[in-house]
Every structure is written in C-alpha cells, then in structure tokens.
Amino acid sequence: MARTHREIPHNVAGVPQVVVLTGAGISAASGLPTFRDSDGLWEGHRQEDVASPAAYVRDPALVQRFYDMRRAALASVEPNAAHVALARLERALGDDLLLVTQNIDDLHERGGSTRVLHLHGELRSALCTECASRHPWRGGLGTWTPCPSCGAHALRPDVVWFGEIPYRMDEIWPRLQTADVFCAIGTSGVVYPAAGFGQQAASSGARTVELNLAWSEVAPWFDDVRTGPATELVPAWVDEVLAQ
Ligand code: APR
C-alpha cells in the first residue's frame, strides 16, 4: 500500500507525538489470559453471558463472579518488561505519549505508567448504576454490596461491555489526527473502535507499527509489523523511538 508517511518526524518541539494502543497480549507474559487465543477467556465463557448489559440483567451473580475472579487474579501477577518499557517511554516523552489500553488490569500502572487511558474501563473500579459514582475497588463486588456514596445495592464492574460506549474517545480521536507514530501492541484488531485506530492514524500521516505474537486482523494496514513476544519487541521498539 503505497502511502507517503513521515519516518519518525518530530513536531516543532523536536519530539515525536506517539500514540500506543495495548491489548491483552501485553499482559499475557504476566500470566493473565487473553480473550481469543486458544486458552483465552472466551474459550471458557460466552461474551453474551458475562460481558453485556443484558447478561448483567439476566444473571448479575454470574457476571459479578466473572469479574471478581479476574480482579482477584491481579494480586498474583506482576507487570512484565513490556509494561516497564512503556513507562520508560512515558518518562522520556511526557505528554507527547498517549497510552491507550483495552485492558482492564492495572499492570501498566504497576509497571510505572502514570497516564493510562482505559478505553474499556478498569477491574479495580466499581460504578454505581444508581448515582453514577465510581469507587476504587479491590475485593469482590458480589450482588449486594452497598454503594459507598448513596447506599444503593447497585455497584457493577466499571468496565465497558459489548454494546456500551468506550471511555475517553473524546481525548483519543484528536491525538490520532496529530500522531507521528502509532503503535499497536498485543491486540487482535477485531473489536472497534480500537481496531480502527491504526488506519485513522495512518490517514493523518502517522507511521504505524504493530508488535504482536502473530499478525492481527489489521496487520496488512500497518507500515511495520513485527512478530514476537511483547516482552522482547516492546523494549527494543522503545529504544528505537528514543534513539531518534
Ligand atoms: N506478546 C505479544 N502479543 C501477544 C502475546 C505476547 N506474549 N500473546 C498473545 N498476543 C496477541 C495475540 O496474537 C492476539 O493478537 O495478543 C492478541 C490478543 O487478542 P485478544 O485476545 O482478542 O485481546 P484484545 O485484542 O485485547 O481484545 C480486544 O476484545 O473481548 C474484548 O474487551 C475485550 O478489550 C478486549 C477486546
């Protein structure tokens, strides 16, 4: 696909504007399952049974158990070299890096990143469907936990289910228009709007890179596709960006 794109150009300040999108693959090496790999979460559960508003109405206990189990698992995993490398990139680029994750784990934060946009929400946050307040949450939610703000028994996982609107898109779209570099890490490229971010950035002239164990659904649209484990590819890519 012939398209002129800027090598890693620098904006006026001489620093590349970088947008990074991560998916479940970046956390795989830490021991958290992905969704669509052979041992993925969607092998053991149907999305429509545990990750949709209708599922929550139909069987709230099953949905809460699914997320309570995943929230509990966070205590037994650690960030890996890929998370740490992206924190290093943030320290070097500051606000010129936008890190967007589809993951609801907290491994980016525990790896040292301080500005993480959780497009699909976070396991360690609870949302009250009665008063819309949000609360940091580490334990189980169950189905009878009262909201700390209003007392209603209406707390749900603060995650974006299928059919719901992803978070913080108003902050993401503009950065895709001005990015010099867009890098997708460990995502299969099958769930929109995230799957379209690479093409969006490319249409604005960004250089696009995919780091993945295997080619994703959208790999053909990327300028540069590198296959291998994120724990190896991401630190090397960060070194490359910072050497520009
Ligand atoms: N290193 C790099 N990439 C990896 C690794 C690894 N060690 N292990 C797996 N991958 C890649 C796989 O090749 C795959 O492309 O990670 C990707 C995981 O894809 P999915 O399981 O589909 O996860 P993701 O792309 O994050 O899913 C997007 O779908 O179900 C929804 O809300 C859920 O946020 C999720 C969204």
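The rules behind the values
Residues numbered from 1 in each chain as written. Predicted model: local features only at pLDDT ≥ 70, side-chain atom pairs only at ≥ 80, totals over all residues. Heavy atoms only, no water. Helix = DSSP H or I, 4+ residues; strand = E, 2+ residues; numbered from the N terminus. Rg over C-alpha atoms; globule rule 2.2 N^0.38 Å. Buried < 20%, exposed > 50% of the residue type's maximum accessible area, 1.4 Å probe, protein only. Contact = heavy atoms within 4.5 Å. Areas by Shrake-Rupley, 256 points an atom, 1.4 Å probe, with all protein chains shown as cover. Lys, Arg positive; Asp, Glu negative; His and termini not counted. Charge placed at Lys NZ, Arg CZ, Asp CG, Glu CD. Domains from an automatic or database assignment. Buried area = accessible area lost by both parts, 1.4 Å probe. Salt bridge = Lys/Arg side-chain N within 4 Å of Asp/Glu carboxyl O. Polar contact = N/O pair within 3.5 Å; in protein donor to acceptor, adjacent residues only side chain to side chain. Phe/Tyr/Trp six-rings, centres within 6.5 Å; stacked < 30°, edge-to-face > 60°. Expected span 1.5 Å × (residues − 1).

### Focus on the overall build of the protein chain
And then number 1: Along its length, the protein chain carries 10 helices and nine strands.
And then number 2: Whereas a compact globule of 244 residues would reach a radius of gyration of roughly 18 Å, the protein chain reaches 18 Å, a difference of no more than 12%.
And then number 3: Expressed as lengths along the three principal axes of its C-alpha atoms, the size of the protein chain is roughly 55 × 35 × 30 Å.
And then number 4: When each of the 244 residues of the protein chain is scored for burial, the buried share is 52%.
And then number 5: The long-range share in the protein chain, meaning contacts at least 24 apart out of those at least 6 apart in sequence, stands at 64%.
And then number 6: Entry remark: accessible area of the protein chain is about 11,000 Å², with carbon and sulfur atoms responsible for 55%.
And then number 7: Considering the protein chain, the positive charge centre built from 20 side chains and the negative charge centre built from 29 side chains are found 3 Å apart.

### Observations concerning the environment of V50
And then number 1: Mapped onto the secondary structure, V50 falls in helix α3 (residues 47-50).
And then number 2: Distance in space between the C-alpha atoms of V50 and G205 is 39 Å, their sequence separation being 155 residues.
And then number 3: Residues contacting V50, with those up to four places away along its chain left out, are W42, H45, A55, L62, V63, F66, Y67 and W161.

### Points about the domain arrangement of the protein chain
And then number 1: Examined at the domain level, the protein chain breaks down into domain 1 (18-32 + 79-120 + 167-243) and domain 2 (47-76 + 125-159).
And then number 2: Here domain 1 and domain 2 have C-alpha centroids that lie 27 Å from each other.
And then number 3: Contact with domain 1, which involves seven residues of that partner, is made by eight residues of domain 2.
And then number 4: Between domain 1 and domain 2, roughly 590 Å² of surface is buried when both sides are summed, and carbon and sulfur atoms account for 56% of that area.
And then number 5: Among the residues of domain 1 in contact with domain 2, L32, I104 and Y167 are the three that bury the most area, contributing 63% of the side total.
And then number 6: Where domain 1 meets domain 2, there are zero salt bridges.

### Comments concerning the side chain of R71
And then number 1: Within the secondary structure, R71 sits in helix α5 (residues 60-73).
And then number 2: Within the local environment of R71, its side chain forms a polar contact with the backbone oxygen of L123, the two atoms lying 2.7 Å apart.
And then number 3: Residues contacting R71, with those up to four places away along its chain left out, are L123, R124, W137, R138, G139, G140, L141 and P157.

### What to know about the pattern of salt bridges
And then number 1: A complete count under the given rule lists 15 salt bridges for this structure.
And then number 2: Between R156 and E164 there is a salt bridge, with its nearest N and O atoms 2.9 Å apart.
And then number 3: By relative accessible area, R156 is classed as buried at 9%.
And then number 4: The class for E164 is partly exposed, based on a relative accessible area of 26%.
And then number 5: Within the structure, one salt-bridge network assembled from shared partners comprises R46, E48, D49 and R58.

### Here's the deal with the packing of aromatic side chains
And then number 1: Following the criterion strictly, the structure yields five aromatic pairs and no others.
And then number 2: On the numbers, 6.3 Å between centres and 45 degrees between planes, the contact of Y67 with W161 is tilted. Highlighted residues: Y67 in helix α5 and W161 in the loop between β6 (155-159) and α8 (169-178), separated in sequence by 94 residues. Here Y67 and W161 have matching classes, each one buried.
And then number 3: Relative to F222, the ring of F182 has its centre 6.2 Å away and its plane inclined at 40 degrees; by these criteria the two rings are tilted.

### Some remarks on α5
For an α-helix, 3.6 residues make a turn, and residues three or four places apart therefore share a direction.
And then number 1: The end-to-end C-alpha separation of α5 is 20 Å, in line with the 20 Å expected for 14 residues at 1.5 Å each.
And then number 2: Along α5, the residues classified as buried are V63, Q64, F66, Y67, D68, R70 and R71.
And then number 3: Looking at the buried side of α5, the elements it contacts are α2 (41-44), α3, α4 (53-58), β4 (121-128) and β6.

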